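# Examining the three-dimensional arrangement
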Amino acid sequence: MTTIHEVAAAAGVSISTVSYALSGKRPVSEKTRRRIEDAALALGYQPDAGARMLAGRRTNIFALTEPLRADTHAPTHMAFVLATAVAARRRGYDILLLTDEQTSEGMNRVAASNLVDAILVLDVAPDDERVAIARAVRTPTIFIGLPDDQRDLTCVDLDFEAAGHLAVDRLADAGYDRVLLLGQTEVSYRKSNFPRRLLRGVQERSASRGVDLSWTATGSVITDMAAVRASAEAALDDGIRAFIVHAVNDVHEALLAVLADRDLRVGVDVAIVSAAASFDTGSLPVAVDTIPLVPQDSCELAVEIAVQRLEDPRLPPRIHLIPPTYRAAGSVPPRRE
């Protein structure tokens, strides 16, 4: 069998340079890389899965990095994992799931071994450490979410800012000038970027529409139902009759229970908009207007872009924002004087 020493000699470079060029661990000039790949092909050098790529074939595997932390809301995250797996399988790709909290290690590993054709990144943090890795490796990488630093990245996500604008506009158009936003947990605003983006959208549009906005997180690390009920009670005591909910289904149910206890009717006495809900709001005891976050939309698009990048590596990086849609269910009545 051909050895790496023979490839290095044929290409006129060191063994370490061959290793870097074939693994992608460190940058190598395009001219040198091509010379090494040509030598490896000519000699039939096949060290690992990367050899199939050198021969023009693919592994037909996508890596999916999804850090599962103690604060992770598993049903929401697994909905995205499943949607990605289904979309990939439909195109003939399997998914290698990287779930360690330190997913950067797994991402480096699969990129270095050429084990996967592309990498898909979930649960994107504001200062996500996987951004630097995506810029350093040759493996096409698609973010399902937006980090703060988006330079030279390809990202797919719901336009959360626009979703926030849409929620406020619906309430303001109905005459409400005081609104409470029941948001995610406190840790979510530190470790994930989408809660910040929706909050920013709600704040921006509230300011421009003259809406007096209050907002609260719904727990520190996990959802605190007692805190949710207390926030809803305090808002009602203060005369607020319009709510935007950007949280899990339990928060919606807690708010609806408080309203029922007070004999306040959704769609008559109180207005509710569920913003960027990733669960089926049809399961709630009361129908509510919804701006849905559909995992299939972003995951299907991310997989499609990954396939396109494999077909044409020259495609430039781009941010793909999915416009939000509004599904009315009669939960935003005209404001009652």
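Residues numbered from 1 in each chain as written. Predicted model: local features only at pLDDT ≥ 70, side-chain atom pairs only at ≥ 80, totals over all residues. Heavy atoms only, no water.

So, on to helix α5 (residues 74–90). Its 17 residues give α5 an end-to-end C-alpha distance of 24 Å, which sits within 8% of 24 Å, the value for a rise of 1.5 Å per residue. Among all positions of α5, only H77, F80, V81, A83, T84, A87 and A88 are buried. For α5, the angular spread of buried residues about the axis comes to 160°, placing them on one side. Residues of α5 that are exposed and point more than 90 degrees away from the buried face comprise P75, L82 and R90. Lining the buried residues of α5 we find β1 (61–65), β2 (94–98), β3 (118–121), β4 (141–144) and α13 (295–311). Of the residues flanking the end of α5, it is G92, one or two places downstream, whose phi is positive at about 85°. (Helix = DSSP H or I, 4+ residues; strand = E, 2+ residues; numbered from the N terminus. Expected span 1.5 Å × (residues − 1). Buried < 20%, exposed > 50% of the residue type's maximum accessible area, 1.4 Å probe, protein only. Arc of directions from axis to C-beta. Contact = heavy atoms within 4.5 Å.)

Helix α3 (residues 30–43) packs onto helix α1 (residues 4–11) with a crossing angle of 125° between their chain directions and a minimal axis gap of 9 Å. The orientation of α1 relative to α3 falls into the category oblique. In terms of crossing hand, the pair formed by α1 and α3 is right-handed. Residues E6, V7, A10 and A11 of α1 pack against R35, I36, A39, A40 and L43 of α3. (Axes fitted to C-alpha atoms, helices over the stretch in contact; angles between N-to-C directions. Parallel < 35°, antiparallel > 145°, perpendicular 65-115°, else oblique. Left-handed = near helix turned anticlockwise from the far one by under 90°.)

Next up on the list: unusual backbone geometry. Even without being a glycine, N60 presents a positive backbone phi close to 60°. Assignment of secondary structure puts N60 in the loop between α4 (50–54) and β1. For N60, a relative accessible area of 33% translates into the label partly exposed.

The subject of this paragraph is the pairing of strand β11 (residues 319–322). Burial of the side chains of β11 is restricted to one face: H320 and I322 are buried, whereas none of I319 and L321 on the reverse face is. Sheet topology places strand β5 (residues 154–158) next to β11; four bridges connect them, and they run parallel. If you follow C155 over to β11, its bridge partner there is I319. (Pairing = 2+ DSSP bridges.)

Chain-level pLDDT for the chain is 90 on average; 93% of the residues reach the 70-or-more range. Below a pLDDT of 50 lies the segment residues 51–56, which in the model reaches twelve contacts outside its immediate sequence neighbourhood of four places, other chains included. (pLDDT = per-residue confidence, 0-100.)

This paragraph deals with the packing of aromatic side chains. Considering all chains together, one arrives at three aromatic pairs under this definition. When the ring of F62 is compared with that of Y93, the centres are 4.2 Å apart and the planes differ by 15°; the resulting orientation is stacked. Of the two residues, F62 sits in strand β1 while Y93 sits in the loop between α5 and β2, which places them 31 residues apart along the sequence. The two residues F62 and Y93 agree in class, both being buried. Centroid distance F160 to F194: 5.6 Å. Interplanar angle 40°. Geometry classified as tilted. Highlighted residues: F160 in helix α8 (residues 160–173) and F194 in helix α10 (residues 194–209), separated in sequence by 34 residues. On the basis of relative accessibility, which here comes to 24%, the residue F194 falls in the partly exposed class. (Phe/Tyr/Trp six-rings, centres within 6.5 Å; stacked < 30°, edge-to-face > 60°.)

Throughout the structure, instances matching the rule amount to 26 salt bridges. Here R91 makes a salt bridge to E304, at a shortest N to O gap of 2.9 Å. Placement of R91 in the loop between α5 and β2 and of E304 in helix α13 is noted, with a sequence separation of 213 residues between them. Among the ionic contacts, a cluster of salt bridges with common partners joins R90, R91, E300 and E304. (Salt bridge = Lys/Arg side-chain N within 4 Å of Asp/Glu carboxyl O.)

This part covers the nonpolar core. The biggest cluster of nonpolar side chains holds 47 residues, and the ones touching the most others in it are F62, L120, L171, L198 and I244. Looking at which element gives the most residues to this core, the answer is α13, with seven residues. In this structure L171 touches Y176, V179, A242, F243, I244, A271, V273 and V332, once residues within four positions along its chain are discounted. With 23 residues, the next largest nonpolar core counts L236, A247, V251 and L259 among its residues. (Core = buried A, V, L, I, M, F, W, Y, C linked by side-chain atoms within 4.5 Å.)

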